[in-house]
Amino acid sequence: MEEKRQSVHGQWSSRTAFVLAATGSAVGLGNIWKFPYITGQNGGGAFVLVYLICILIIGIPVMMGEILIGRRGRQSPSHSIAYLAKEAGAPRIWTLMGIMGISASFLILTFYVVIAGWAVAYIIVTASGTFTGASAEAVGAYFDDFLADSSGLIFWSTLVTLGTLVTVAGGVRKGLERAVTWLMPGMLVILLILVGYALSTGSFIEGFSFLFKPDFTKLSADGVLVALGHAFFTLSLASGVMIAYGAYLPEDTSIFQTSVIVCAADTAVALIAGLAIFPIVFAYGLDVSEGPGLIFATLPIAFGQMPFGTFFGTLFFIMLSFAAFTSAISLLEPTVAWIVERFSVTRLRAVVISGTVLWVLSLGTVFSFSKWAEIKLFGRTFFANLDYLTANIMLPLGGLLVAGFTAWAMKESATRDELGLGDSPVYSTWRFVMRYIAPVAIVIVFLAKLGAFKHFGIDLS
Ligand code: PHE
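The following paragraphs examine the structure supplied in this document.

Basis of the calculations
- Residues numbered from 1 in each chain as written.
- Predicted model: local features only at pLDDT ≥ 70, side-chain atom pairs only at ≥ 80, totals over all residues.
- Heavy atoms only, no water.
- 1 Å grid on protein atoms, 1.4 Å probe; cavity = no way out; pocket = protein on both sides within 12 Å on 5 of 7 lines; lining within 4 Å.
- Points joined across faces, edges and corners; volume = space filled by probe spheres on them.
- Helix = DSSP H or I, 4+ residues; strand = E, 2+ residues; numbered from the N terminus.
- Nonpolar A, V, L, I, M, F, W, Y, C, P; charged D, E, K, R; others polar.
- Core = buried A, V, L, I, M, F, W, Y, C linked by side-chain atoms within 4.5 Å.
- Buried < 20%, exposed > 50% of the residue type's maximum accessible area, 1.4 Å probe, protein only.
- Contact = heavy atoms within 4.5 Å.
- Polar contact = N/O pair within 3.5 Å; in protein donor to acceptor, adjacent residues only side chain to side chain.
- Patch = residues over 30% accessible without salt bridge, like charges linked within 9 Å, V, L, I, M, F, W, Y side chains within 5 Å.
- Areas by Shrake-Rupley, 256 points an atom, 1.4 Å probe, with all protein chains shown as cover.
- Salt bridge = Lys/Arg side-chain N within 4 Å of Asp/Glu carboxyl O.
- Lys, Arg positive; Asp, Glu negative; His and termini not counted.
- Charge placed at Lys NZ, Arg CZ, Asp CG, Glu CD.
- Near = heavy atom within 4 Å.
- Sits in = over half its atoms within 2 Å of the grid points.

**Considering empty space enclosed by the protein**
- In total, this model carries three cavities of 30 Å³ or more according to the counting rule given.
- As a volume, the largest cavity reaches approximately 160 Å³.
- As for the largest cavity, its lining consists of 17 residues, of which Leu-194, Ala-276, Ile-280, Phe-303 and Phe-316 are closest to the centre.
- Counting only elements with at least two residues in the lining of the largest cavity, the list comes to helix 8 (171–201), helix 12 (255–283), helix 13 (294–305) and helix 14 (309–343).
- The residue makeup of the lining of the largest cavity, split by class, is 17 nonpolar, no polar and no charged.
- Reported here for the second largest cavity is a volume of approximately 120 Å³.
- Lining of the second largest cavity is provided by 17 residues; of these, Ser-25, Tyr-112, Phe-233, Ser-236 and Leu-331 occupy positions nearest its centre.

**Quick word on the environment of Gly-89**
- By secondary structure assignment, the location of Gly-89 is in the loop between helix 4 (77–88) and helix 5 (95–127).
- Distance in space between the C-alpha atoms of Gly-89 and Met-410 is 8.4 Å, their sequence separation being 321 residues.

**Quick notes on the nonpolar core**
- Among the nonpolar cores identified, the biggest contains 164 residues, and Trp-118, Phe-296, Phe-316 and Phe-405 are the most heavily contacted of them.
- Ignoring anything within four residues of it in the chain, the contact list for Phe-296 reads Trp-33, Ile-115, Trp-118, Ala-119, Tyr-122, Val-139, Phe-143, Phe-317 and Leu-320.

**Structural notes on the environment of Ala-407**
- Along the chain, the position of Ala-407 falls in helix 16 (residues 382–409).
- Sequence spacing of Ala-407 and Arg-431 is 24 residues, and the spatial spacing of their C-alpha atoms is 6.0 Å.

**Quick look at the side chain of Glu-418**
- Relative to the helices and strands, Glu-418 is located in helix 17 (residues 412–419).
- Within the structure, Glu-418 has its side chain in polar contact with the side chain of Arg-71 (distance 2.8 Å).

**A closer look at unusual backbone geometry**
- The phi torsion at Ala-238 lies on the positive side, around 55 degrees, for a residue other than glycine.
- Tracing the backbone through its elements, the reader meets Ala-238 in the loop between helix 10 (221–234) and helix 11 (241–246).
- Given the relative accessible area of 7%, Ala-238 is considered buried.
- With a phi angle near 55 degrees, Phe-378 is a residue other than glycine that sits in the positive phi range.
- Residue position: Phe-378 is located in the loop between helix 15 (347–368) and helix 16.

**Some points on a negative patch on the surface**
- Side chains of Asp-144, Asp-145, Asp-149, Asp-287 and Glu-290 sit close together on the surface and give a patch of like negative charge.
- Residue placement: Asp-287 occurs in the loop between helix 12 and helix 13.

**Structural notes on the site of the ligand**
- The full set close to the ligand counts 15 residues, and Ala-26, Gly-30, Tyr-112, Phe-233 and Ser-236 are the nearest of them.
- Note that a nitrogen atom of the ligand is positioned 2.8 Å from one of the backbone N or O atoms of Phe-233.
- Contact between the ligand and Thr-234: a nitrogen atom at 3.1 Å from a main-chain N or O atom of the residue.
- Out of a free accessible area of 320 Å², the ligand has 100% covered by protein chains.
- When atoms are counted within 2 Å of each cavity's grid points, the one that captures over half of the ligand is the second largest cavity.
- Contributions of two or more residues to the shell around the ligand are made by helix 1 (15–26), helix 2 (29–41), helix 10 and helix 14.

**Focus on the pattern of salt bridges**
- Under the counting rule described, the total for this entry stands at eleven salt bridges.
- Among the charged side chains, a network of salt bridges with common partners joins Arg-71, Arg-72, Glu-87, Asp-417 and Glu-418.

This is the structure we're talking about:
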């Protein structure tokens, strides 16, 4: 056994703190904003099934792999990987996988703060009764005007950005941990209240069958890639975040158990959000394939018509903002930890540097919904390209590399020691899945998307 190493950035005070932070990172806009709209765009049940399979056979093992890299490396993602590559006698080039992860989380954050800004703005908008009795057209028009007002959007995203910067500047215990210990329980309580309410509104069945009744004719190869990419996105994988958070994990915590808890909680929230949202969408005859605006342009119609809608609508956007915030802080941590280590600067300075770049890049997403809405590359706006590049390319690729690194490059003795599972079948299953199943599944999805199976008369697209 080697000596116990500690991260220079500190450590979570307990296993619970880690679970709250990791769940806080996982549960976010991905569950409540993105999952419903991509499910709507990709036809419902079949998409959800593929997503669930991805979580189970790829998400959980990859999360374990990342936390183990972090805890054994005890540094920012790329430095942890460099350290472990050395330990394993593997090429240093693996470090690039860490750099790619850090870049992915940073790029995601540039649009994340903007959408989180929408959520915060909608707390006020909803609370002030804007939607009371409003028609579908009025709610849609309100959202369009909201998006067109760049300076308003900049105000809200700047607010979220500042909150994120201040929290991350506080460090692991006084910043990240303190934020999640307040926000996560708050979020959970609100979620339960909302579910109770959704259950009592009645039109549950249609939403339920949209989510859980698979119709494979509605699923394309692109849909499968989106489901895979979303499994990584929603679990905060392949972005350096779980490696960074793992670096602060106490020595004696079970990586397997905590990974299962985090994945289960994240999946539960996404499904609950879907069950709360789709019944409303159907009950009011709204369009499920509306896209990124789904919850903003459709839910308020329902809030405007249901009893106590202003109250529950406001609660909904508070919950969404809490969830988004605990993810935003996690998205900044890998970059900040890396800058601190790489350039030997203080955390505060690292936050100021990264925060400035973040703020400037976030404008790209703001304008994607207004003045740059017509400027397209590959047929997509700046925001849509960022989302596509990160979720559908960088994250699945990163996941493939995490599997390769932990199950092929690292020594078996090292991963076995770090996971602390001894001879249990859980370990051998994990290693087998990471060596073969996860990589093969990811490669197949990529190839299918590229149309590689057309020669065999199989057209998945
Ligand atoms: N998991 C977060 C969500 O679902 C987003 C995220 C992605 C956070 C990658 C960290 C890293 O909203």
